[in-house]
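The residues making up each chain are set out below.
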Amino acid sequence: MGVFIYTALAACTCILISSLILQRQFPYKKYDVVLSTIMIGTGMVLMLYAAYGVKISIGKNLWYIGVFTVIGIVMGTFINLAIKIGRKKDRYKFHVVGHMIGFLACAIQVITYFYREYQWTFFHVDQFSIFIMVMVSILFVCIAVFLHRIFFMCAAIFPSLYAMIYLSIPLMIVSNSLLIIAALLMTIEYEKKKRVSKRVEYFRGKG
């Protein structure tokens, strides 16, 4: 199972670094979004191939590789979007760090869920309800980050409390702790500095 987790980490790191490089080289293009879309599509094709194109003994592990690849790419994309929005809207650096920590908490929840699912031998209703709660928690974090609503970052803790009944309690505690830290970082107040162009400063200096 460690291979799957390393796959997610590698995918997240690669997509994040690639997106940041593309943003710096082509600041007015959306090549980073195109790259993320292509990579997510590739991961989903791998999942479909594993489900229908090979034997079950091989397909199960291949399917989970595709799942964790998509998880890593999505999380890397979300972190990249949080950085991009933070720069665009001139948000405080501590707020952006809080957004990134919130997405890290989401990644821990999703990885913990699929790690537990990999060990289940049959499907039951509780699995689906846990998945729904994890998705709701991620939705709240997305609302908190993209709309800058601190309440939803705090509210993201409550859906995961139900998931703690079935998933790894230590990992879920770490995830909830990260959500609390993210919410606290988002509450830091700051005074925005007025941006003054160099040209205006030059003429002010000349009197």
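A few words now on helix H8 (residues 169–186). Quick reminder: α-helices carry 3.6 residues per turn. Residues three or four places apart thus point the same way. For H8, built from 18 residues, the straight-helix expectation of 26 Å at 1.5 Å per residue is met to within 8% by its first-to-last C-alpha distance of 26 Å. Within H8, the full set of buried residues consists of Met172, Ser175, Asn176, Leu178, Leu179, Ala182, Ala183, Leu185 and Met186.

The subject of this paragraph is the state of the cysteines. If you walk through the whole model with that rule in mind, you get zero disulfides. In this structure Cys14 is not part of a disulfide, and its nearest cysteine sulfur, from Cys12, lies 9.4 Å away. As a non-bridged cysteine, Cys142 has Cys106 as the owner of its nearest cysteine sulfur, 6.4 Å distant.

Another aspect to go through is the packing of helix H1 (residues 2–25) against helix H2 (residues 31–52). It is the contact of H1 with H2, at a shortest axis distance of 8 Å, that shows an interaxial angle of 155°. Between H1 and H2, the interaxial angle falls into the category roughly antiparallel. Along this stretch, H1 crosses H2, giving a crossing that reads as right-handed. For the pair H1 and H2, contact is made by Ile15, Ser18, Ser19, Leu22 and Gln23 and by Tyr31, Asp32, Leu35, Ser36 and Met39, respectively. Taken together, the residues of the contact of H1 with H2 sort by class into five nonpolar, four polar and one charged.

To continue, consider the pattern of salt bridges. Enumeration over the complete set of coordinates arrives at one salt bridge. Close ionic contact of Asp32 with Lys84 constitutes a salt bridge, the shortest N to O distance being 2.8 Å. Residue Asp32 is located in helix H2, and its partner Lys84 is located in helix H3 (residues 56–88); the two are separated by 52 residues in the primary sequence.

About the criteria used
- Within each chain, residue numbers correspond to sequence positions counted from 1 in written order.
- Side-chain atom pairs in this predicted model are given and counted only at pLDDT of 80 or more, local residue features only at pLDDT of at least 70, and totals for whole chains, interfaces and linings cover all residues.
- For the side-chain quantities, the full set of heavy atoms in the structure was used; hydrogens and water were omitted.
- Put simply, DSSP marks the helices as runs of H or I at least four residues long and the strands as runs of E at least two long, and each gets a number from the N terminus on.
- To estimate the expected span of a helix, count its residues, drop one, and scale the result by 1.5 Å.
- Classification of residues uses two cut-offs on accessible area relative to the type maximum, computed with a 1.4 Å probe and protein chains only: under 20% is buried, over 50% is exposed, and between them is partly exposed.
- Cysteine sulfur atoms that come within 2.5 Å of each other are treated as a disulfide pair.
- Angular values range over 0 to 180 degrees, each being the angle between N-to-C directions of two axes fitted as lines to C-alpha atoms, with helices fitted over their stretch in contact.
- Angles are sorted into four bins: roughly parallel if under 35 degrees, roughly antiparallel if over 145, roughly perpendicular if 65 to 115, and oblique for all others.
- By definition, turning the near helix anticlockwise from the far helix through less than a right angle yields a left-handed crossing, and turning it clockwise yields a right-handed one.
- Here, two residues are considered to be in contact whenever any of their heavy atoms come within 4.5 Å of each other.
- The residue classification treats Ala, Val, Leu, Ile, Met, Phe, Trp, Tyr, Cys and Pro as nonpolar and Asp, Glu, Lys and Arg as charged. All others, Gly included, are polar.
- The term salt bridge refers to a pairing of a side-chain nitrogen on Lys or Arg with a carboxyl oxygen on Asp or Glu at a separation within 4 Å.

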